[in-house]
Each structure stands twice: as C-alpha cells, then as structure tokens.
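# Secondary and tertiary structure notes
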Amino acid sequence: MTYQVRRSELICPGHSMKMMEKAAASDADEVIFDLEDACAFSQKAKARQEVAKALAELPFRGGKLKAFRVNAVDTPFCFRDVWEVLQASGKHVDVIVLPKVNQSADIHFLCKLLSQVEADLGLMRGKIQIEAQIETALGLHHAYEIAKASPRVSSLIFGIADFAGDWGARDFKEDAQRLFYFPRAQMLNAARAAGVDAIDAVTVQFRDAALVAHESQEAAKMGYDGKWAIHPSQLVPIHAAFTPSEEELKRARSIIEAYRQADIQKGTGAIVVGEEMVDAATLKVEAKKLAIWEKLLAMAEEP
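The paragraphs below set out a description of the structure included in this document.

## Observations concerning the environment of Val-51
Tracing the backbone through its elements, the reader meets Val-51 in helix 2 (residues 44-57). Separated by 111 residues in sequence, Val-51 and Asp-162 have C-alpha atoms that sit 24 Å apart. Ignoring anything within four residues of it in the chain, the contact list for Val-51 reads Gly-14, Met-20, Phe-33, Leu-35, Phe-68 and Val-85.

## Remarks on unusual backbone geometry
Although it is not a glycine, Lys-100 adopts a positive phi angle of roughly 50 degrees. Relative to the elements of secondary structure, Lys-100 occurs in the loop between strand 4 (95-98) and helix 4 (104-121). Look at Lys-100 and you get partly exposed, because its relative accessible area is 24%. A positive phi angle is found at Asp-175, which is not glycine, with a value near 60 degrees. Among the secondary structure elements, Asp-175 is positioned in the loop between helix 7 (160-167) and helix 8 (176-179). For Asp-175, a relative accessible area of 40% puts it in the partly exposed group.

## Concerning the sheet that holds strand 2 (residues 30-34)
The strand order around the closed barrel formed by eight strands is 1-2-3-4-5-6-7-8, and the pairing between neighbours is parallel. Ignoring which end each strand starts from, the neighbouring axes of this sheet average 25 degrees apart. By the bridge criterion, five bridges tie strand 2 to strand 3 (residues 65-69) in an arrangement that is parallel. Looking across to strand 3, one finds that Val-31 is bridged to Lys-66. Relative to strand 7 (residues 197-200), helix 9 (residues 181-194) is tilted by about 160 degrees, and along the sheet it contacts strand 5 (129-134), strand 6 (153-158) and strand 7.

## Topic: the side chain of Ser-16
Summarising the element assignment, Ser-16 is placed in the loop between strand 1 (8-13) and helix 1 (17-24). Residue Ser-16 is classed as buried on the basis of its relative accessible area, which comes to 16%. A polar side-chain atom of Ser-16 sits 3.2 Å from the main-chain amide nitrogen of Met-19.

## Quick look at the pattern of salt bridges
Summed over the entire model, instances satisfying the criterion amount to 22 salt bridges. One salt bridge in this structure joins Asp-197 and Arg-6, with 3.5 Å as the shortest N-O distance. Residue Asp-197 is located in strand 7, and its partner Arg-6 is located in the segment before strand 1; the two are separated by 191 residues in the primary sequence. For the pair formed by Asp-197 and Arg-6, the shared burial category is buried.

Definitions and limits used
- Residues numbered from 1 in each chain as written.
- Predicted model: local features only at pLDDT ≥ 70, side-chain atom pairs only at ≥ 80, totals over all residues.
- Heavy atoms only, no water.
- Helix = DSSP H or I, 4+ residues; strand = E, 2+ residues; numbered from the N terminus.
- Contact = heavy atoms within 4.5 Å.
- Buried < 20%, exposed > 50% of the residue type's maximum accessible area, 1.4 Å probe, protein only.
- Pairing = 2+ DSSP bridges.
- Axes fitted to C-alpha atoms, helices over the stretch in contact; angles between N-to-C directions.
- Polar contact = N/O pair within 3.5 Å; in protein donor to acceptor, adjacent residues only side chain to side chain.
- Salt bridge = Lys/Arg side-chain N within 4 Å of Asp/Glu carboxyl O.

Printed below as a string of structure tokens:
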C-alpha cells in the first residue's frame, strides 16, 4: 500500500509568484497555492493565471504534493478556479483543497466537476484528490459523511480561524489546544473512521517557534498526521514533531517483519510482539512511519 506523507502543508498566496517559488523550494511535504482567503476579490482572476503557471513551471523540491485551494462551492469563484487552473496545468496537480465544506454535497459537486475536467484533459479518472477543510459547526457535524463522500477525499483539515468565528469564540490564538480540543478530537475521529488523513490547524503566531513546536507535538500525540503552515520557518518544528524517531523506526521494521514471517510460516493474521497485539490495522500505523523515513531519504539524495 502506498502512503502519502503530509507532516506539513505549506500554504501561500496564489497571486505572489515569489512566495510560491519559495514554497516549491521548501521542505514542505505539500504546498498549497491559495485562491481563497489570501487573495482579494480584485486579484482572484489574475491569481488563477499565476497559480496555473506556478504549478506547471516551478521546480518542486522533494517530490512534494502539489495543491491549490479554490474558493468555497457557494461562491461565484469556485467553478472558474477549478476549470481555469486545471485546463492550464491539470496534469501537474495532485490535490485541490476545498474550504468551508459543510456537507457531503459540496464534495459531490467538486467530484463531478473534476471527473469532467479529467475526461476533457485525458487524465486518469480520480487522479486529483480532494482535501476538505472543516471550518464550521455544520461541517464538523457532518465530518464523517464528508470524509466518506468520495474516494478522492484524502484528508480533513481543521480550519481554526473560520471555525472560531462560526462558534462565536472571542479568540482562537491563545490556549487554542485547550479551547478547541473538542472539535479537533471530533474531526480526528471522523477522519480515522473514514480512513483518511487528519491535518491540524495552523499556528498563526508563526514567529513563535516554541509555540509552533508545542502545538505540533500536542497534535502528533493526539494522532494527527500533520499540520498546516503559513511560513517556511514553521516547517522545522512541525517536522520534528511528526517525524518518527530512530527507535520508532526500528520498532516499526521489526513489527512489519515479524508479521510478514508469521503470515508466511503460519498464516497468522494477529501476533504478539513484546506485550502488544499486532494485526493488519497496527501495520498501517507502522508502515506510515516507514513511509515518512523513505521520503526523507529520497529528499537527502536530491542534488
């Protein structure tokens, strides 16, 4: 099974080629060029052209996932965001990030549009994934149905700023881990139940490295796969939190090998390693750790 590595997702404004160049050259596991919040209404049309050009022409370091964020489906921009960018650079796009997803119908709309674009461009059906942002109380309520709405959905992303506004919270910057533990936990549970990745919210105080590190570590302990970033400086503490240690990697290799041998020799589907029962579900967790390590090795071998 192939696992995608999403320790970090770095988002930057789609109207700034300079910022997109820096993102493409960064160590982020995924870069997202933004046509939504980071672009003023007057800049959206121009930004589509810039994003399409960046996706098609920039050199992307480390085999990172290439994504762009469209505007929400209930805006007058979503259709043209999808159509114009993909017509110009569809074969280079791995993911579309869909914001403010409130129900499975939002995913169904984008899926139908993507299928038509893929057919028009001669791309394999289902090539382009969807990451759904959970940013409202309604979206959180329907998070599991959203995650299961299509095989294209590869992750749920917690959007803390819009969620705080929808909840009527007075602040989302201070003590965010405690104040928003419930929606984080509920979205994580929905993602796990649906079998997709869960990406934690951004730390907006990007210059506070200690806070970024703390929130990243807490999210990793909780079970998240990765975290959003709004500045390349956040990548180091994020990766430190979500990268398995040497001890974890050694243990993962031993568990996977023990399971393989038990299957070959005895046809056993569940074994005991140390004091822990290991089955196929456990293997997914261990294989994800190895996938992260393999990505790091591949990046290290790049010229």
